[in-house]
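Results of the structural survey
Residue-level listing of the chains:
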Amino acid sequence: MQHHLSHKKKRERNIEPPYRYRSRSLSRSPHAMALHVISPSDTRDDILDLLDRTLIYAWNKPVLGKRGEVVLGNPYPALPISLLNDEDKQKVSEMYLSDHPGYWNNGDDGWQNPITKGLMVFGRSDDTMNPKGARYNCGDIYFALEGFPGLKDSVCVSQYNKDLDERVILFVKMLAGYSLTPDVEKDIKKIIEHDLTYEHIPDIIMEAPDIPYNLTGKKLNGLVKKFINKRKVTNVEIVVNPSCIEFFKNVDLGEF
């Protein structure tokens, strides 16, 4: 029995942890949330069967023990069948079914334990970045910059090249009377490295006239990400401050 337990512990230690942060960041990160949606009448086989159809996708293939996008292989009653003014269901298809054909992609970032099949959902996958294998959430950048002098708002997203290599772009909106000078940029990098790690420092920091939000006050990371990666955007009507769209649509970040 003791031999069995020690072997199990050894296996668990070899699982890649869902976070790569320092313990200081972990203790105050708002993004980790365990998800358990199980009916009392479900048997163990029912639960495992359900979890087997809830997959974590990364690099366009199912993965276990690594972070990726949560996708669903089977329908369930809460899935929308159409959206407003979407009679041909084109918007539903583009938003939820186009990234991983045959699977419903709700846009959440998750991790699945390869032994227990337990799921953890960390937040929106639009908010997740993975430059050079260092996977983290844009919310950590926002948290580090909270209260930074002269900074009014920011949005942090990934840009990809033709080989799907990734770099992180931080757009900042400064308060009136402030601007993104080289010294301010240097201080931003310092505070991010101090509160997080060196790997969290964005590759490019650029000043923007405004940051897009929707009607409910949600920052539209996904919209900015699509614009800078020259992807098709179908839901610009949800932006409450559309004057900023042209900036992100035409911003020149250069090749890498």
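Residues numbered from 1 in each chain as written. Predicted model: local features only at pLDDT ≥ 70, side-chain atom pairs only at ≥ 80, totals over all residues. Heavy atoms only, no water.

**Focus on the pairing of strand 9 (residues 151-160)**
Taking burial as the measure, the 10 residues of strand 9 include eight buried ones, the bulk of the element. Where strand 9 lies against strand 10 (residues 166-174), nine bridges are found, and the strand directions are antiparallel. Among the inter-strand pairings, Cys 156 is bridged to a residue of strand 10, identified as Leu 170. Between the antiparallel neighbours strand 9 and strand 10 lie five residues, among them Leu 164 with a positive phi of about 65°. (Buried < 20%, exposed > 50% of the residue type's maximum accessible area, 1.4 Å probe, protein only. Helix = DSSP H or I, 4+ residues; strand = E, 2+ residues; numbered from the N terminus. Pairing = 2+ DSSP bridges.)

**What to know about the state of the cysteines**
Inspection of the entire model under this criterion finds zero disulfides. Here Cys 138 stays free of any disulfide, with the sulfur of Cys 156 as its closest cysteine sulfur at 6.5 Å. Relative accessible area serves as the criterion here: at 2%, Cys 138 is assigned to the buried category. Classification of Cys 156 as buried rests on a relative accessible area of 0%. (Disulfide = S-S within 2.5 Å.)

**Some words on the packing of helix 5 (residues 138-145) against helix 6 (residues 182-195)**
Orientation of helix 5 relative to helix 6, taken along the N-to-C sense of each, is 110°, at an axis distance of 9 Å. Overall, the two elements helix 5 and helix 6 adopt an arrangement that is roughly perpendicular. For the crossing formed where helix 5 meets helix 6, the hand is right-handed. Contacts from Ile 141, Ala 144 and Leu 145 of helix 5 reach helix 6 at Ile 188, Ile 191, Ile 192 and Asp 195. Across the contact of helix 5 with helix 6, the residue classes break down as six nonpolar, no polar and one charged. (Axes fitted to C-alpha atoms, helices over the stretch in contact; angles between N-to-C directions. Parallel < 35°, antiparallel > 145°, perpendicular 65-115°, else oblique. Left-handed = near helix turned anticlockwise from the far one by under 90°. Contact = heavy atoms within 4.5 Å. Nonpolar A, V, L, I, M, F, W, Y, C, P; charged D, E, K, R; others polar.)

**Observations concerning the packing of aromatic side chains**
Aromatic ring pairs are described here by two measures, namely the spacing of the ring centres and the angle between the planes. Considering all chains together, one arrives at four aromatic pairs under this definition. With a centroid separation of 4.5 Å and 10° between ring planes, the pair formed by Tyr 96 and Trp 104 is classed as stacked. Looking at Trp 104, the relative accessible area reads 8%, which means it is buried. Taking the centre distance of 6.0 Å and the plane angle of 85° together, the rings of Phe 171 and Phe 247 count as edge-to-face. Remark: Phe 247 occurs in helix 8 (residues 245-250) and Phe 171 occurs in strand 10; sequence separation between them is 76 residues. For Phe 171, a relative accessible area of 0% corresponds to the buried category. The exposure class assigned to Phe 247 is partly exposed, which follows from its relative accessible area of 23%. One aromatic cluster in this structure is built from Phe 171, Phe 247 and Phe 248. The side chain of Lys 219 reaches across the aromatic face of Tyr 142, ending 3.8 Å from its centre. (Phe/Tyr/Trp six-rings, centres within 6.5 Å; stacked < 30°, edge-to-face > 60°. Lys NZ or Arg CZ within 6 Å of the ring centre and 35° of its normal.)

**Observations concerning the nonpolar core**
Formed by 40 residues in total, the largest nonpolar core has its most connected members in Leu 170, Phe 171, Ile 188 and Phe 248. Within the residue set of this core, elements represented by two or more residues are helix 5, strand 9, strand 10, helix 6, strand 11 (204-207), helix 7 (221-228) and helix 8. With six residues, strand 10 is the largest single contributor of residues to this core. When neighbours within four sequence positions are excluded, Phe 248 is seen to be in contact with Val 155, Phe 171, Ala 208, Asp 210, Ile 211, Pro 212, Val 224, Phe 227 and Ile 228. Of all hydrophobic cores here, the second largest spans five residues; its members include Leu 72, Leu 79, Val 92 and Tyr 96. (Core = buried A, V, L, I, M, F, W, Y, C linked by side-chain atoms within 4.5 Å.)

Coordinates in, geometry out; function isn't part of it.
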